[in-house]
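Residue-level structural notes
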Amino acid sequence: MSETTPCPLCKSTYTYAMDNLLICPECGHEWNPEEEAQSADAFIVKDSNGNILKDGDSVVTIKTLPVKGSAQSIKAGTKVRNIRLVDGDHNIDCRIDGFGAMALKSEFVKKA
């Protein structure tokens, strides 16, 4: 028997190979192990709709976000231009007019 890698989604060890893909019978996930090895080093950030974000994109907030230390909040629908992706809890660094430099979570924005 050949040794296969566990499923990246559900971590099941019962994966099997079909052509050039590996398949997980428990969750139904299919993936190419060669692409996974390449993408493991890549830093990927997705918005609330699952779109992949990159540096320089514009995003729109999907809900009103309170700002710590300020009486104002960032209203839903505020457009943020020229974002920068960082690794951490808040994975978007940006500058918002009227607020200045901010750190946002990607789950509260959508790609514009």
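Conventions adopted
Residues numbered from 1 in each chain as written. Predicted model: local features only at pLDDT ≥ 70, side-chain atom pairs only at ≥ 80, totals over all residues. Heavy atoms only, no water. Helix = DSSP H or I, 4+ residues; strand = E, 2+ residues; numbered from the N terminus. Rg over C-alpha atoms; globule rule 2.2 N^0.38 Å. Buried < 20%, exposed > 50% of the residue type's maximum accessible area, 1.4 Å probe, protein only. Lys, Arg positive; Asp, Glu negative; His and termini not counted. Salt bridge = Lys/Arg side-chain N within 4 Å of Asp/Glu carboxyl O. Polar contact = N/O pair within 3.5 Å; in protein donor to acceptor, adjacent residues only side chain to side chain. Contact = heavy atoms within 4.5 Å. Pairing = 2+ DSSP bridges.

Time to look at the overall build of the protein. Of regular secondary structure, the protein possesses one helix and 13 strands. Along the protein, from the amino end to the carboxyl end, the secondary structure elements read β-β-β-α-β-β-β-β-β-β-β-β-β-β. The globule rule puts the C-alpha radius of gyration for 112 residues at 13 Å, and the 19 Å found for the protein is more than 25% above it. Dimensions of the protein along its principal axes, counting C-alpha atoms only, are 60 × 25 × 20 Å.

Below, the discussion takes up the side chain of aspartate 47. Within the secondary structure layout, aspartate 47 lies in the loop between β4 (45-46) and β5 (52-53). Despite its burial, aspartate 47 pairs with no opposite charge; the closest candidate is lysine 111, at 7.3 Å N-O. A distance of 2.9 Å separates a polar atom in the side chain of aspartate 47 from the backbone nitrogen of glycine 50. Within the structure, aspartate 47 has its side chain in polar contact with the backbone nitrogen of lysine 111 (distance 2.8 Å). Each residue touching aspartate 47, except ones within four places of it in the same chain, is listed here: Leu53, Ser106, Val109, Lys110 and Lys111.

Here we come to the sheet that holds strand β12 (residues 100-104). Spatially, the three strands line up as an open sheet ordered β10-β11-β12, and their pairing is antiparallel. The open sheet has two edge strands, β10 (84-85) and β12, and neither has a second partner. Bridge count between strand β11 (residues 92-96) and β12: five bridges; the pairing is antiparallel. Directly across from arginine 95, in β12, lies its bridge partner alanine 101.

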